[in-house]
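Coordinate analysis (summary)
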Amino acid sequence: MGGRTKVVDDASELVPLLRTFGSPTHKKVFDALTTGWHVVEELSELTEEPVEVVERSLAMLRRCGLVDSQWRMVPGAKRPEKEYTCIYTKVYMNFRCSTDELAELIRLTFASSGELQSEVDMLIAELESGNKSLTNLSRIMGKSPMYIKGLARRTDGLMVKGQRIDKRVIRE
C-alpha cells in the first residue's frame, strides 16, 4: 500500500504504538495488511495465526489508527464481510515531554495488565462517577496527566478526547 505517514503529536500515543509493534503477532498482521485488503480469514491464512489472535491484533491496530475497514462480498459467502488494510506505513513523531513523563510512558508500555489493574479500576470508577477531566483525574489519582492519558490509551474501552477521558463506543 501507499506510503502515508501517521503524525504522532502526543507522547502518550507511544504507549499503544510500542505495545503493538513490540508484539511479533501484531507486526505480522500489520505486515500482511500492507499488501492490500484482506478479511480476517485471509489474514489468518497469511499469518498462520488463529482467527481469534488475528481479531485481537486488528483491534489493537485499530486502536492505534493504523488500519481502515470496509465491507466486501466474499465469493460463496451469504453476507458481506469486513475487510481491512493498512492506512499508514510511516510514522512522524513531533512532541515534547519531560524525561519523567517519558519514563512513565515506557513503564506503562511494558507493565503487565496485572501490575496496572488497581490503577485501571480506579480510573474506570472515576469515569463512571462522572469525573472525565484529565486535570481532576490526575489530581485524584496522584499521577501526571501524561500518565493518565497513557493509561487510558492502553486500556480497552477507554479513549482520550483532548483534556477528557471517555469510555469508547465499539462499532463493528
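First, a word on what this report is: a plain description of the structure on this page. Predicted, not measured: the structure shown is a model, and the values here were computed from it. (Residues numbered from 1 in each chain as written. Predicted model: local features only at pLDDT ≥ 70, side-chain atom pairs only at ≥ 80, totals over all residues. Heavy atoms only, no water.)

This part takes up the side chain of S138. Among the structural elements, S138 can be located in helix 7 (residues 134-141). Polar contacts involving the side chain of S138 include one to the main-chain carbonyl oxygen of K143, which spans 2.4 Å. When near neighbours in sequence (up to four residues on either side) are disregarded, S138 contacts K143, S144, P145 and I148. (Helix = DSSP H or I, 4+ residues; strand = E, 2+ residues; numbered from the N terminus. Polar contact = N/O pair within 3.5 Å; in protein donor to acceptor, adjacent residues only side chain to side chain. Contact = heavy atoms within 4.5 Å.)

This next bit is on helix 8 (residues 145-154). In terms of burial, helix 8 is a largely internal element, nine of the ten residues being buried. Inspection of helix 8 places M146, Y147, I148, K149, G150, L151, A152, R153 and R154 among the buried residues, and these make up the whole buried set. (Buried < 20%, exposed > 50% of the residue type's maximum accessible area, 1.4 Å probe, protein only.)

Let us now look at a nonpolar patch on the surface. Taken together, L18, L102, I106 and F110 make up a surface patch of nonpolar side chains, about 360 Å² in accessible area. At three residues, helix 5 (residues 99-110) tops the list of elements feeding residues into the nonpolar patch. Taking relative accessible area as the criterion, F110 reaches 61% and is therefore assigned exposed. (Patch = residues over 30% accessible without salt bridge, like charges linked within 9 Å, V, L, I, M, F, W, Y side chains within 5 Å. Areas by Shrake-Rupley, 256 points an atom, 1.4 Å probe, with all protein chains shown as cover. Salt bridge = Lys/Arg side-chain N within 4 Å of Asp/Glu carboxyl O.)

A separate point is the environment of I87. Structurally, the position occupied by I87 is in the loop between strand 4 (81-86) and strand 5 (90-93). Here the alpha-carbon distance between I87 and A125, two residues 38 residues apart in the chain, equals 34 Å. Residues contacting I87, with those up to four places away along its chain left out, are R4, G65, L66, V67 and D68.

Below, the discussion takes up the sheet that holds strand 2 (residues 38-39). Pairing within the open sheet is antiparallel, and its three strands lie in the order 2-4-3. Looking along the sheet, the strands with just one partner apiece sit at the ends: strand 2 and strand 3 (67-72). By the bridge criterion, six bridges tie strand 3 to strand 4 in an arrangement that is antiparallel. Within the sheet, the bridge partner assigned to S69 lies in strand 4 and is Y84. (Pairing = 2+ DSSP bridges.)

A few words now on the packing of helix 5 against helix 8. Where helix 5 meets helix 8, the axes come as close as 9 Å, and the angle between the chain directions of the two elements is 20°. Relative to helix 8, the element helix 5 lies roughly parallel. Helix 8 is crossed by helix 5, and the crossing has right-handed handedness. Two secondary-structure elements touch here, helix 5 through E101, E104, L105, R107, L108 and T109 and helix 8 through M146, Y147, G150, L151 and R154. Among the residues making up the contact of helix 5 with helix 8, the classes are represented as five nonpolar, two polar and four charged. (Axes fitted to C-alpha atoms, helices over the stretch in contact; angles between N-to-C directions. Parallel < 35°, antiparallel > 145°, perpendicular 65-115°, else oblique. Left-handed = near helix turned anticlockwise from the far one by under 90°. Nonpolar A, V, L, I, M, F, W, Y, C, P; charged D, E, K, R; others polar.)

Our next topic: the packing of aromatic side chains. Enumeration over the complete set of coordinates arrives at one aromatic pair. Relative to F30, the ring of F21 has its centre 5.1 Å away and its plane inclined at 90°; by these criteria the two rings are edge-to-face. Under the relative-accessibility criterion, F21 is labelled partly exposed at 33%. Judged by its relative accessible area of 8%, F30 is buried. Positioned over the ring face of Y147 is K143, at 4.9 Å from the centre of the ring. (Phe/Tyr/Trp six-rings, centres within 6.5 Å; stacked < 30°, edge-to-face > 60°. Lys NZ or Arg CZ within 6 Å of the ring centre and 35° of its normal.)

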